[in-house]
Amino acid sequence: MHPNVLSTRDRTAIIIAAGAFFICITMGVRQSFGLFLPPYTETLGMGRDTFSFAIAMQNIVWGFASPLFGALADRRGPVLAVALGGLLYTAGLLLMAMAGSGATFTLAQMLIGGGMAGAGFSVILGTVGKVVAPEKRSFALAIVTAAGSFGQFAVVPLAQQGIELLGARQGAFLLAALTILLILAAPLLRLPANAPKARASESNTAVLKTAFASKSYVLLSLGFFVCGFQVVFISTHLPAYVNDAGLPVSAAVTALALIGLFNILGTLVCGWVGDKMPKKDALAIFYVLRSVVIIIFLLLPLSPFTVALFGAAIGFLWLGTVPLTSGLVAVFFGARHMSMLYGVVFLSHQAGSFMGAWLGGVLYEATGSYDIVWYIAIVLGGVAAALHYPIREKSDARYSANFG
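What counts and how
- Residues numbered from 1 in each chain as written.
- Predicted model: local features only at pLDDT ≥ 70, side-chain atom pairs only at ≥ 80, totals over all residues.
- Heavy atoms only, no water.
- Helix = DSSP H or I, 4+ residues; strand = E, 2+ residues; numbered from the N terminus.
- Rg over C-alpha atoms; globule rule 2.2 N^0.38 Å.
- Buried < 20%, exposed > 50% of the residue type's maximum accessible area, 1.4 Å probe, protein only.
- Contact = heavy atoms within 4.5 Å.
- Polar contact = N/O pair within 3.5 Å; in protein donor to acceptor, adjacent residues only side chain to side chain.
- Core = buried A, V, L, I, M, F, W, Y, C linked by side-chain atoms within 4.5 Å.
- Axes fitted to C-alpha atoms, helices over the stretch in contact; angles between N-to-C directions.
- Parallel < 35°, antiparallel > 145°, perpendicular 65-115°, else oblique.
- Left-handed = near helix turned anticlockwise from the far one by under 90°.
- Nonpolar A, V, L, I, M, F, W, Y, C, P; charged D, E, K, R; others polar.

**Looking at the overall build of the protein**
Move 1: The secondary structure content of the protein amounts to 17 helices and 0 strands.
Move 2: The C-alpha atoms of the protein give 20 Å as radius of gyration, which agrees with the globular expectation for 404 residues (22 Å, within 12%).
Move 3: Projected onto its principal axes, the C-alpha positions of the protein cover 60 × 40 × 40 Å.
Move 4: Burial analysis of the protein (404 residues in total) assigns 60% to the buried set.

Shown next, in the form of structure tokens:
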């Protein structure tokens, strides 16, 4: 075999493995933040609405910064973007550990949001999309996304042990030690010479204008709002919801860990399905199934068993939307600007995340219950399914004419 071909294949394998590692760390740490809600609201004397607003700000900064880091990765390569992201993530966790007020805690979460944008999904999935052949892309993106679920399965119990044995602040320091690895390992994402990159002559504004002229791209973006709302509401408020019912915190920890474990299988299934059937149809089905699972969860009596069962069921449907959605962006526009264009779609996801985290706290403080937010999450699942029905799953000719 020609050595250059072997070198390219080896580099591709390294990028996929490294991408999986980065998503494992970024998402594993991120999904543990709900465990900090009870101790931080007690020690800092802030309500759940303040904590929720801080997490919401993390998500909206993550969303707005994702296209910026994506554009940087498309033009300069992912190494710089991921290293900067790891630096911001670590700084945010250190500030979170030292926070003495709700305002400082919120600032820490905003730094973490910037870190997630640089070292998270938009840059990593765009990087993997550039080095994998189109016919294998959905499954490769699923492998990397599934690593985030393994991170949740591994890191959430570690974070809880740190909180219980060392205290909440020391638990945040422990997570910061993990995110330092993002900076150290960034060079592993160096792209091969033949990987598609944005050209200097291509204006980001012109690329985005062409993308937003696509009805399918707009519908995909709107649908991803629902994904963000549902998953961030659940990951942020499920521990408090379970605690309010008088169940031990271990029940929520088990559920969050099971979400991560079962989503490994669910995401891989989604990646496989995305290479076999229309991705938009698979997305519609998954959004409907999420609503069905939430309805069943609310109808069943709350117990450690039903909470664990909910974690397993919703976990199977957790992040499977990510390889399907990012895969559709590549179908529409190719891989050259994938990090930036997926970053814009992800901004919509993070707007939903903001609302899910924030409304959960606000409506709880106003009503003493999470019921209204659960009902909103159910209705939105049906809305997302309807939004995906008109999507046309093919390459956009206008984009190919201007930037192909």
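After that view of the structure, there is still more to cover.
**Some remarks on the side chain of glutamine 230**
Move 1: By the element assignment, glutamine 230 lies in helix α10 (residues 215-244).
Move 2: Overall, the relative accessible area of 1% leaves glutamine 230 in the buried class.
Move 3: Those residues in contact with glutamine 230 that lie beyond four places of it in its chain are Tyr287, Arg290, Ser291, Ala377 and Gly381.

**Examining the side chain of glutamine 160**
Move 1: Mapped onto the elements, glutamine 160 comes out in helix α7 (residues 134-166).
Move 2: Taking the relative accessible area as the measure of exposure, glutamine 160 reaches 8% and is therefore buried.
Move 3: Polar side-chain contacts of glutamine 160 include one of 2.8 Å to the side chain of glutamate 164.
Move 4: What glutamine 160 contacts, discounting residues up to four positions off in sequence, is Leu35, Val249 and Val253.

**Quick notes on the nonpolar core**
Move 1: Counting 130 residues, the largest nonpolar core has Phe36, Tyr40 and Met96 as its most contacted members.
Move 2: Here this core gets 15 residues from one element, more than from any other, and that element is α10.
Move 3: Contact partners of phenylalanine 36, with chain neighbours within four places excluded, come to Phe51, Met96, Ile163, Ala168, Gly171, Ala172 and Leu175.

**Some points on the packing of helix α9 (residues 204-212) against helix α15 (residues 338-367)**
Move 1: Two elements in contact, α9 and α15, have axes whose closest approach is 11 Å; the angle formed by their N-to-C orientations is 55 degrees. Overall, the two elements α9 and α15 adopt an arrangement that is oblique. The hand of the α9/α15 crossing is right-handed. Each of Asn204, Val207, Leu208, Ala211 and Phe212 in α9 lies in contact with α15, whose residues at this interface are Met340, Leu341 and Val344.
Move 2: Split into classes, the residues belonging to the contact of α9 with α15 amount to 7 nonpolar, 1 polar and no charged.

**Some details on the environment of arginine 190**
Move 1: By secondary structure assignment, the location of arginine 190 is in the loop between α8 (168-185) and α9.
Move 2: On a C-alpha basis, the gap between arginine 190 and leucine 219 in space is 33 Å, while along the polypeptide they are 29 residues apart.
Move 3: Leaving out residues up to four positions away in the same chain, arginine 190 has contacts with Arg11, Ile15 and Val79.

**A closer look at the packing of helix α4 (residues 78-98) against helix α6 (residues 121-131)**
Move 1: Between α4 and α6, the shortest axis-to-axis distance is 10 Å and the interhelical angle comes to 155 degrees. Viewed along their axes, α4 and α6 adopt a mutual orientation that is roughly antiparallel. Of the two possible hands of crossing, α4 and α6 adopt the one that is left-handed. Contacts between α4 and α6 involve Pro78, Ala81 and Val82 from the first element and Val123, Ile124 and Thr127 from the second.

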